[in-house]
Amino acid sequence: MNEAVADIHHYKLLILDFGSQYTQLIARRAREIGVYCEIHPCDMPDQQILEFGAAGIILSGGPESTIDECALPIPAAVFEASVPVLGICYGMQAMALHFGGEVVNSGHSEFGYAKIQVTADSELLNHLSDRADGTPELDVWMSHGDHVAKLPAGFECVASSGNAPIAVMADKNRNYYGIQFHPEVTHTTSGKEILQRFISQLCRCECEWTSDNIIDDAITRIRQQVGDEEVILALSGGVDSSVVALLLHRAIGDQLNCVFVDNGLLRLHEGDQVMKMFAENLGVKVIRVDAEKRFLQALDGEADPEAKRKIIGNVFIDVFEEEAAKLTSARWLAQGTIYPDVIESAGASTGKAHLIKSHHNVGGLPEDMSLKLIEPLRELFKDEVRRLGLELGLPAKMINRHPFPGPGLGVRILGPVCREYADILRRADAIFIDALYQHGLYEQVSQAFTVFLPVKSVGVTGDGRRYGYVLSLRAVETIDFMTARAAHLPYDFLDEVCRSILNEVSEVARVSYDISSKPPATIEWE
Ligand code: XMP
């Protein structure tokens, strides 16, 4: 391992969240550029802001109006920290007001694409153009009702749009910039370049936040934290716990003990695949617990979706605790908590975009295990975890696998769950998913799976009647899983999958395709 580990937290940015749905995107862009950053609420105490030691501060957009009385002000410490500040949308307006400028309501909101003309010199926008002939015009994404009407003292206007005459303002002496549009969304063509300039040229950050450095840093920290003590990890085979397993394995080898619980509600051959990859190929210590009977017994006769989720979550905790108790020398419990979970639970975000469903916490581990907690992914976004996984040698197919709910097939079998239903569903689902891969469609959809309906329908096979179960295929396209639309899979493809399932899974008499959007439907059927 690299002896001189780069200090990946040396250069860092502070992002104050005023509630924009795009705040996490700002952080992800900054990290892609190569600089560590943290999101904190817009009312972060002054002392903490100063102690944070940011090389620059970004003020996010937000749903509030700066003209309203309830407007959220910028903490004084932001401008006492003597670092460059970038205000985006609401952040710009709040900055204008802070320094004595004026904000007005345009009367007409501007949402979507807009053009801005660069009108004066600034480090942020100099020589930028989205036009082939070099005209200083940029295509940007706007989302605002208010705009700055009068510049505060010390600021000048450096770009304008039709609806926002002051689209970008700059105080070049103090390096304070306000931009009305959203550079963090990909619709703003030069958005990443603008953020890059703020981060590299104005804040003078060096780019040390790279997968290699993050891995080296994580390994060093794990070794320092854990010493020669043993660690337990609940390995599910999902991306997060897999990446934690590999990081820990690299850092501490056999001091890591993984526990893989097969709850009988996994996909076809999933348990064998997880064991093969981790135990056989990578040499990770994994204890496989075959707990199918226990889960199915506990679920017996239960039809209510939320009750099923609770049962599966509770049995998981029981089984895991029993296994952990056998590992008497373990002192640490590793978890695959990632940065969005940290933001949610700290309530760090004021944004509406960050709502989390309580039922998604099923599969959480007990808090009273008297083990110390180690969470190597706490600072990482999902896309960063994926990149780390690839770097650590996880196959791309596994990294890019669709999300699979903690309760597994338990919420894809409508009503009471039993082994027979789970087996039918597993076989049919494998046919659907394999076909998606074969036709190059798997990565074009965000999530695809099969649902089992415990009703029987009539069909014919040869000369006989066939009285079999009904399945539904579900494939959705979504960015954030909060809203989704049914994927427009080719009809011929659906036809082929349907015929394969009816031919190969004799218990099934009928296959349908779910075309419901979310909302009002959800992605899962339960
Ligand atoms: P819904 O059905 O709520 O699903 O539209 C949104 C996303 O969440 C996943 N999901 C779950 N994940 N435990 C999980 O870990 C659950 O109980 C659960 N329920 C839904 C679902 O697969 C989709 O990706």
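Criteria and cut-off values
- Residues numbered from 1 in each chain as written.
- Predicted model: local features only at pLDDT ≥ 70, side-chain atom pairs only at ≥ 80, totals over all residues.
- Heavy atoms only, no water.
- Domains from an automatic or database assignment.
- Salt bridge = Lys/Arg side-chain N within 4 Å of Asp/Glu carboxyl O.
- Helix = DSSP H or I, 4+ residues; strand = E, 2+ residues; numbered from the N terminus.
- Buried < 20%, exposed > 50% of the residue type's maximum accessible area, 1.4 Å probe, protein only.
- Axes fitted to C-alpha atoms, helices over the stretch in contact; angles between N-to-C directions.
- Left-handed = near helix turned anticlockwise from the far one by under 90°.
- Contact = heavy atoms within 4.5 Å.
- Nonpolar A, V, L, I, M, F, W, Y, C, P; charged D, E, K, R; others polar.
- Pairing = 2+ DSSP bridges.

Asker: For this particular structure, what's the right way to read the domain arrangement of the protein chain?
Answerer: Interfaces are often sized by the amount of accessible area the parts lose when they come together. The domain architecture assigned to the protein chain consists of domain 1 (3-202), domain 2 (211-399) and domain 3 (418-513). On a C-alpha basis, the centres of domain 1 and domain 3 stand 47 Å from each other.

Asker: When you look at the pattern of salt bridges in this model, what are you seeing that I'm missing?
Answerer: For side chains bearing opposite charge, pairing can occur when the charged atoms are close. Tallying each qualifying case throughout the model produces 31 salt bridges. Across the pair Glu 193 and Arg 197 runs a salt bridge whose closest N-O atoms are separated by 2.9 Å. Highlighted residues: Glu 193 and Arg 197, both in helix α4 (residues 191-202), separated by four residues, approximately one helical turn. Take Arg 197: its relative accessible area is 11%, and that puts it in the buried class. Across the pair Arg 401 and Glu 270 runs a salt bridge, and its minimum N-O distance is 4.0 Å. One end of the pair, Arg 401, is in the loop between α12 (396-399) and α13 (419-438); the other, Glu 270, is in helix α7 (residues 270-281), and 131 residues separate them in sequence. By relative accessible area, Arg 401 is classed as partly exposed at 29%. Assessed through its relative accessible area of 5%, Glu 270 is described here as buried. Look at the salt bridges and you will find they share partners, linking Glu 292, Arg 419, Asp 423 and Arg 426 into a network.

Asker: How do you make sense of the packing of helix α5 (residues 211-226) against helix α6 (residues 239-252) when you look at a structure like this?
Answerer: Each packed pair of helices is defined by two parameters, the angle between the axes and the distance between the axes. In contact at an axis separation of 9 Å, α5 and α6 are set at 65° when each is read in the N-to-C sense. Here α5 runs over α6; the crossing is right-handed. Facing α5, whose interface residues are Ile 215, Ala 218, Ile 219, Ile 222, Arg 223 and Val 226, α6 presents Leu 247, Leu 248, Arg 250, Ala 251 and Ile 252. By residue class, the composition of the contact of α5 with α6 is nine nonpolar, no polar and two charged.

Asker: Looking at this structure, how should I read the sheet that holds strand β7 (residues 156-161)?
Answerer: Whether parallel or antiparallel, the strands of a sheet pair through hydrogen bonds between backbone atoms. With mixed pairing, the nine strands of this open sheet are ordered in space as β2-β1-β3-β4-β9-β8-β7-β5-β6. At either end of the open sheet lies a strand with only one pairing partner, and these are β2 (36-41) and β6 (137-150). Taking each pair of neighbouring strands and ignoring which way they run, the sheet shows an average axis angle of 20°. Bridge count for strand β5 (residues 102-118) against β6 is twelve bridges, and the pairing is antiparallel. Bridge pairing links Phe 111 to Ser 143 in β6. On the sheet, helix α3 (residues 90-98) packs against β3 (56-59), β4 (85-88), β5, β6, β8 (168-171) and β9 (176-179) and is oriented at approximately 115° with respect to β4. Each of β1 (12-17), β3, β4, β6 and β9 is contacted by α4, which is oriented at about 165° to β4, the strand it contacts most.

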